[in-house]
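Structural overview
These are the residues of each chain, in order.
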Amino acid sequence: MSEMIPALDWQAIFVAPWTTDFSIYGWIFLMGFLVCAACGLAGNYLILRRMALVGDAISHSVLPGLAIAFLAANAWTNRQASGEGIDLAVEPSGHGISYGFAIFMGALIAGVLTTLMIEIIHTRTRIKQDAAIGITFSTLFAFGVVLISVYADKVDLDADCVLHGEIAFVSIQPFFTIGAYQLAPSPVIRMGCVTFLTLGLMVVFYKELLVSSFDPGLASSMGINATFVHYALMCWLSVIVVSAFEAVGAILVIAMLILPGATASMLTTRFPIVLVLSLLHAAASSVLGLHLAIWLNSSTAGCMVVAGAGIFCVAWVFSPSQGILQNWLKRRRNSKRLTGGEIGTETVGES
Amino acid sequence: MLLSGLEQLNNMLHPSFMVQEKDKIPRIETTPPPANLWTKGLAVEDIPLEIHDLTVAYHHKPVLYGIDLAVPPGKLIGIIGPNGAGKSTLIKAIMGLLPTDSGWVKIFGKNNRKNLKRVGYVPQRESVDWDFPVSVMDVVLMGRYGKLGLFKRPGKEDRDIASACLEKVKMMPYADRQIANLSGGQQQRVFLARALAQESDLYFMDEPFAGVDAATESSIIGLLHELRQKGKTILVVHHDLPTARNYFDMLVLLNMRLVDFGPTEEVFTYEKLQKTYGGRLTILSEVAEAVRQNKG
């Protein structure tokens, strides 16, 4: 049994990442935090709109979008007479912008297409939304798998990368430089932009997002186009998902969309505090996940999600309003009061 | 009723949910008054609501058919009709929440979608998720959003107005409560406070009395009368026939088509209600009872 669990070396696991190996793990942590934060913030609205599975759908159907974008970009560069294999993680210098742009557009179109397909199936037929989501994302994901296997020589998308991402390699990526100063690995810069834009959009359009999530009818009556808000949110979700895709893969991005918001909603009933708590959850799950990954020498993104789920469980136990502990205490107090003969002298079961 | 062989076959091939379009429109011999009967002599921009030839269909089945209506200002108006008569649909279509198949709607003389800022809305209570992480105050403040415009946050003035509205519906002590911890009547009063905070000239309320106790119902109706006194126009979807007679100045009788529209004492008659509700016995006896009370 003991050989199955690696030794818990305090120095190597908890101190070294922040001191001697900081140049490696610092970037991994930052990337993890940025991904979790962007996903968590957007995920809050998915949870409130009961569209958690739409995030799931988009993260899967981004795959054919990426594959087609690769093919299109490849065809474009081939015509310009250079024909090397392109790696998703390592952008060939010189074509960086056009590839980045193609991938971005491909993912965006796939995301919007997913939302549209779900909406059309669900409104034009008797099929309910959950089934419509099931049909849409499995179809698109399968289409992506077919495309990648048929054009395997042209689309260099690694199945491993699609599944759980390559966050551990983030610090060996080419750095983004300003003049002679090396700022940060370019994926971190890119994710940073997405995360800050997400935060900015959510602050600026707080009111519109809130009212159209709570009561689309009221929003429309105020001239806030709820349908437009819905599609804008879905577009932005596609942007976040495709940015996070590279780091954490298609499967884990779903957990990162939902866990922070779900944890926060265990602890508070105020929406602004929910947003802040989901950011805290993002930070905590990246730190804990990083240490867990070093200890177990395993997938960093996977460990971050496991840590996030652990935090959710702790929140569930200790939640002041719906926690397991709180409920147990309340029931015990009430039964004591009832059997203690105090019935009738005060109101029982007051919340 | 005897069905011909063809009709029987047709019924077998088309189960009830596939009934043909023409069968879904009740054949009521409607002779509604000319649309402008109650708004004669008013300038177009003073008419709170004008509807011409409005038709709405869900999945190709018409729900509302050729509605013509012009509503005078400063009235409390009930919309009554049987289940599936299109009462909520009418309100949603007026608010521009549903695509319409024909006709137009004007609010104070302008296209409805362009003039929604003058409209306050109380949706059915079940239409929102009451587990939403917002407080009572937050919900009422949402009523101010329409007046704020893009990028702006509700300020002190908006909070004062929201507080005053909560005070009016006697919900101020609950301002900081999460909305999930409210009873049905309290939720309804929060929605009403939110509508008041919108400071509109024309209000639409979808079953504001559904699932509230008698005390809340009478306090809500008091508030509606107060609004009317200020010259506001209020249209209320209402389910209960006996109270409809006492609550409203005017009634819209609706059953996919407009059956009649006029002052309550003129419209609330046995034959008009029978036309609206068709041959449904239980409701008809209720109608008879209500009419008898009306005369007594």
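Residues numbered from 1 in each chain as written. Chains lettered and ligands numbered in written order. Predicted model: local features only at pLDDT ≥ 70, side-chain atom pairs only at ≥ 80, totals over all residues. Heavy atoms only, no water.

Digging into the overall build of chain B
Helix and strand counts for chain B come out as twelve helices and ten strands. The 296 residues of chain B split such that 50% are buried. The contacts of chain B with a sequence gap of at least 6 include a subset with a gap of at least 24, amounting to 70%. Put simply, chain B shows about 14000 Å² of open surface, and 52% of that area lies on carbon and sulfur atoms. (Helix = DSSP H or I, 4+ residues; strand = E, 2+ residues; numbered from the N terminus. Buried < 20%, exposed > 50% of the residue type's maximum accessible area, 1.4 Å probe, protein only. Contact = heavy atoms within 4.5 Å. Areas by Shrake-Rupley, 256 points an atom, 1.4 Å probe, with all protein chains shown as cover.)

Structural notes on the pattern of salt bridges
Under the counting rule described, the total for this entry stands at ten salt bridges over all chains. A salt bridge links A:Asp215 to B:Arg194; the shortest N-O distance between them is 2.8 Å. Separated into two different chains, A:Asp215 in the loop between helix 8 (206-214) and helix 9 (216-221) and B:Arg194 in helix 7 (residues 184-197) make up a pair that spans both. Overall, the relative accessible area of 3% leaves A:Asp215 in the buried class. Judged by relative accessible area, which is 0%, B:Arg194 ranks as buried. As a salt-bridge pair, B:Asp260 and B:Lys272 come within 2.9 Å of each other at their nearest N and O atoms. Pair noted here: B:Asp260 is in strand 10 (residues 257-263) and B:Lys272 is in helix 11 (residues 270-277), with a separation of twelve residues, a long-range link. (Salt bridge = Lys/Arg side-chain N within 4 Å of Asp/Glu carboxyl O.)

Notes on the nonpolar core
In terms of nonpolar packing, the biggest core is built from 132 residues, with A:Val35, A:Val248, B:Ile179 and B:Leu224 touching the most fellow members. Per-element tally for this core: the top contributor is helix 10 (residues 226-267) of chain A, with 22 residues. Not counting residues up to four positions away in its chain, the partners in contact with A:Val35 are A:Met191, A:Ala244, A:Ala247, A:Val248 and A:Met256. By size, the runner-up hydrophobic cluster in this structure holds 31 residues, among which are B:Val71, B:Ile77, B:Tyr121 and B:Val237. (Core = buried A, V, L, I, M, F, W, Y, C linked by side-chain atoms within 4.5 Å.)

A closer look at the packing of helix 7 (residues 186-204) of chain A against helix 8 of chain A
Residues and elements named next belong to chain A. Between helix 7 and helix 8, the least distance of the axes is 4 Å, while the angle of their chain directions is 75 degrees. On the basis of the axis angle, helix 7 is roughly perpendicular to helix 8. Touching Leu201, Met202, Val203 and Val204 of helix 7 are Tyr206, Glu208 and Leu209, all from helix 8. Residue classes in the contact of helix 7 with helix 8 are distributed as six nonpolar, no polar and one charged. (Axes fitted to C-alpha atoms, helices over the stretch in contact; angles between N-to-C directions. Parallel < 35°, antiparallel > 145°, perpendicular 65-115°, else oblique. Nonpolar A, V, L, I, M, F, W, Y, C, P; charged D, E, K, R; others polar.)

Section: the pairing of strand 4 (residues 102-107) of chain B
Residues and elements named next belong to chain B. Of the pairings in the sheet, the one linking strand 1 (residues 49-58) to strand 4 comprises five bridges and is antiparallel in character. Each bridged residue has a counterpart across the sheet, and for Glu50 the counterpart in strand 4 is Lys106. Looking at chain direction, strand 4 and strand 5 (residues 110-111) are connected through two bridges and run antiparallel. Bridged to Lys106 within strand 5 is Asn111. The antiparallel pairing of strand 4 with strand 5 creates a hairpin that spans two residues between the two strands, and Phe108 there sits at a positive phi of about 45 degrees. (Pairing = 2+ DSSP bridges.)

What to know about the packing of helix 7 of chain B against helix 8 (residues 214-229) of chain B
Angle between the axes and distance between the axes: these two values describe a pair of packed helices. Residues and elements named next belong to chain B. Between helix 7 and helix 8, the shortest axis-to-axis distance is 11 Å and the interhelical angle comes to 10 degrees. Overall, the two elements helix 7 and helix 8 adopt an arrangement that is roughly parallel. Counting all contacts with helix 7, which are made through Gly185, Gln188, Arg189, Leu192 and Leu196, the residues of helix 8 involved are Thr216, Ile220, Leu223 and Leu227. When the residues that make up the contact of helix 7 with helix 8 are grouped by side-chain class, the tally is five nonpolar, three polar and one charged.

Some points on the interface of chain B and chain A
Between chain B and chain A, the residue contacts involve 33 residues of the former and 25 residues of the latter. Between chain B and chain A lies a buried interface of about 2500 Å² when both sides are counted; carbon and sulfur atoms form 65% of it. Summed over the three residues of chain B that lose the most area to chain A, namely B:Phe132, B:Pro133 and B:Tyr145, the buried surface amounts to 25% of that side. The interface formed by chain B and chain A contains two salt bridges. (Buried area = accessible area lost by both parts, 1.4 Å probe.)

Some details on the layout of surface pockets
For the largest pocket, the calculated volume is near 2000 Å³. Mapped by element, the contributors of at least two residues to the lining of the largest pocket are helix 4 (96-124), helix 8, helix 9 and helix 10 of chain A together with strand 1 of chain B. It is helix 4 of chain A that contributes the most residues to the lining of the largest pocket, five residues altogether. Its residues placed into classes, the lining of the largest pocket shows 19 nonpolar, 16 polar and ten charged. (1 Å grid on protein atoms, 1.4 Å probe; cavity = no way out; pocket = protein on both sides within 12 Å on 5 of 7 lines; lining within 4 Å. Points joined across faces, edges and corners; volume = space filled by probe spheres on them.)

So, the environment of A:Leu116
All names here are of chain A. Looking at the secondary structure, you find Leu116 in helix 4. The class of Leu116 is partly exposed, set by a relative accessible area of 35%. Considering only alpha carbons, one finds Leu116 and Gly200, 84 residues apart in sequence, at a separation of 26 Å.

Quick look at helix 11 of chain B
For an α-helix the count is 3.6 residues per turn, leaving residues at separations of three or four pointing the same way. Residues and elements named next belong to chain B. Of the positions making up helix 11, those classed as buried are Leu273, Thr276 and Tyr277. The arc that holds every buried residue of helix 11, seen down its axis, measures 85 degrees, which confines them to one face. Phi for Gly278, located one or two positions after helix 11, is positive at around 70 degrees. (Arc of directions from axis to C-beta.)

Structural notes on the environment of B:Lys106
You can see B:Lys106 is positioned in strand 4. Discounting chain neighbours no more than four positions away, the residues touching B:Lys106 are B:Pro48, B:Leu49, B:Glu50, B:Asn111 and B:Asn112.

Some remarks on the pairing of strand 9 (residues 250-255) of chain B
All names here are of chain B. Across the six residues that make up strand 9, a large majority, six, are buried. Residues Met250, Val252 and Leu254 of strand 9 are buried on one face, and the alternating residues Leu251, Leu253 and Asn255, pointing to the opposite face, are buried as well. Bridge count for strand 3 (residues 76-80) against strand 9 is four bridges, and the pairing is parallel. Residue pairing across strands places Gly78 opposite Leu251, the latter belonging to strand 9. Pairing of strand 9 with strand 10, which is carried by six bridges, proceeds in the antiparallel orientation. Bridge pairing in strand 10 links Leu251 to Gly262. With antiparallel pairing between neighbouring strands as the criterion, strand 9 and strand 10 make up a hairpin whose turn holds one residue, including Met256 at a positive phi of roughly 65 degrees.

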